[in-house]
Amino acid sequence: MLNVLMVGTGQCGNRILDAVNREAFGGGKFSKYYSRQKFPSRVETIAINTAINDLKEMHYTKAKDRIHIPNLHGVGANRMVGKQCFNDNKDLIMRNITERGEFDVAFVITSSSGGTGSSFSPLLVKELKERYEFPVYSIVVLPFREEGTIYLQNSAFCLKEMYDSGTDGIILADNQFLKDAGGDIQSAYDGINNMIADRILFLLEALDSEMMMVTDLGDFKTVMSGGAGFATIGYAKGDGKNSIRSVIHDSLSPSGLLFSSNVFEEGSRAMIIMRGDRKYLSIDDISGEIDKLSSHIGHVFKGVIIRNGEVPKVLSVVTLETTAELENLYALAVEAIQIEKDKRDRMAIRKEADTTFSKIEGLEPQY
Ligand SMILES: Nc1nc2c(ncn2[C@@H]2O[C@H](COP(=O)(O)OP(=O)(O)OP(=O)(O)O)[C@@H](O)[C@H]2O)c(=O)[nH]1
Ligand SMILES: [Mg+2]
């Protein structure tokens, strides 16, 4: 049995963690009080936030698993304030984690663009890596590109700091790429959060179950160490009529991935897990499709979980050697930083020239 630590920081991280707990406890609003999590592993979940309202909004995560870090007026998307706040409260956070016992692996979930999650998470990962031996993976959600200059620049710096934190791999999910998950913004968030939560639970099951063809934490570590530090996860579900080959293919196509990538071109290593009734999981078919991927990218681990009567589902973890989409994001971020800098320079010049107030110099109000 694996011991898993899962931390969600900031609003986005909290909500995804809550979606994980909803699935794990079976969905009812009170299920967290009487149900046991249906993880095969022992999973400890912790939500961290400076905003008490975000924590209160969580319905499926136990109160003891929600840590409020008081910071007057929140962090307001300012990563400098966020980092200071983490450092001031580091001992409290790390004590809470230490009290939960031993772990084999940890996941830290956050958005890259806000203030709290994006500044806390790289520092938290660094702290975990310095204190413990277990691998720490980060799951980072990228913003909608039209959310503004501050969110774009935050993302660029958060990803770099996450990369430098010593994390064992960054799994990317992209709001922009997944925006069709729901109509209005709230349903899009819910849709995206559920997609990420389902994949996390599938992954945990794959790392910790008796399978026909086994993948385990060791395989996952090897896959995650394969690329340039970034990875994404794909998923697809068959209808019982299409072949397992096409389900595997769908999981690797844009409709299945959490982040835009041509994995056949950009992939470095992969782990493909198939789950469902034995009758859908012909080893020859599976091998055919997986060999095709291996011939493009190199090594692919495969795992099979038998579930009687279930249609086939496929989870694909792919590490990336390069990513064109991240290059695009950084180009936008550089523009965003320039826009903010120009604005600041203009303000400084204007302040010096003092054009507005100088108009009344020497004048007195007349009554
Ligand atoms: N997928 C998804 N993205 C979210 C959700 N909530 C917020 N986001 C995205 O997260 C980014 C903002 O980060 P938040 O996590 O809200 O910020 P925070 O860490 O709470 O930071 P502050 O509020 O600034 O202290 C934006 O790009 C949002 O689009 C959510 O529930 N799901
Ligand atoms: Mg917030």
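Everything quoted here is computed from the prediction, not taken from an experiment. (Residues numbered from 1 in each chain as written. Chains lettered and ligands numbered in written order. Predicted model: local features only at pLDDT ≥ 70, side-chain atom pairs only at ≥ 80, totals over all residues.)

Of regular secondary structure, the chain possesses 13 helices and 10 strands. What you see for the chain is a C-alpha radius of gyration of 23 Å, in line with the 21 Å of a compact globule of 367 residues. Seen through its principal axes, the chain has C-alpha atoms that stretch 90 × 45 × 40 Å. Within the span of the chain, comprising 367 residues, buried residues form 49% of the whole. In the chain, of all internal contacts separated by at least 6 residues, the share reaching a separation of at least 24 is 80%. (Helix = DSSP H or I, 4+ residues; strand = E, 2+ residues; numbered from the N terminus. Rg over C-alpha atoms; globule rule 2.2 N^0.38 Å. Buried ≥ 20, exposed ≤ 12 C-beta atoms within 10 Å, placed from the backbone. Contact = placed C-beta atoms within 7 Å.)

Next up on the list: the domain arrangement of the chain. When the parts of a complex come together, some accessible area is lost, and that lost area is often taken as the interface size. For the chain, the assigned domains are domain 1 (3–208) and domain 2 (231–320). Averaged C-alpha coordinates put domain 1 and domain 2 at centres separated by 26 Å. Taken together, the contacts link 16 residues of domain 1 with 13 residues of domain 2. Among the secondary structure elements, those contributing two or more residues to the side of domain 1 that touches domain 2 are β6 (169–174) and α7 (185–207). Per-element tally for the side of domain 1 that touches domain 2: the top contributor is α7, with 8 residues. Each residue belonging to the side of domain 1 that touches domain 2 can be placed in one class, and the counts come to 11 nonpolar, 1 polar and 4 charged. (Domains from an automatic or database assignment. Nonpolar A, V, L, I, M, F, W, Y, C, P; charged D, E, K, R; others polar.)

Turning our eyes to something else, we now look at the nonpolar core. Formed by 102 residues in total, the largest nonpolar core has its most connected members in V20, L172, A270 and V317. At 10 residues, α7 tops the list of elements feeding residues into this core. Taken together, domain 1 (3–208) and domain 2 (231–320) each give at least three residues to this core, which thus spans both. L172 has contacts with V140, L142, F230, T232, L258 and F259, leaving out every residue within four places of it along the chain. (Core = buried A, V, L, I, M, F, W, Y, C linked by C-beta atoms within 7 Å.)

Among the structural elements, I97 can be located in helix α4 (residues 79–98). We classify I97 as buried; it has 21 C-beta atoms within 10 Å. Remark: the alpha-carbon pair of I97 and L172, spanning 75 residues in sequence, is separated by 24 Å. Leave out the neighbours within four places in its chain, and I97 touches L5 and I46.

Lining the immediate surroundings of ligand 1 are 26 residues, of which G10, G114, G115, G117 and P143 lie closest. Listed by contribution, the elements that provide at least two residues to the shell around ligand 1 are α1 (10–25), α5 (116–131) and α7. Per-element accounting of the shell around ligand 1 gives the leading share, 4 residues, to α1. Split into classes, the residues belonging to the shell around ligand 1 amount to 10 nonpolar, 14 polar and 2 charged. (Near = placed C-beta within 6 Å.)

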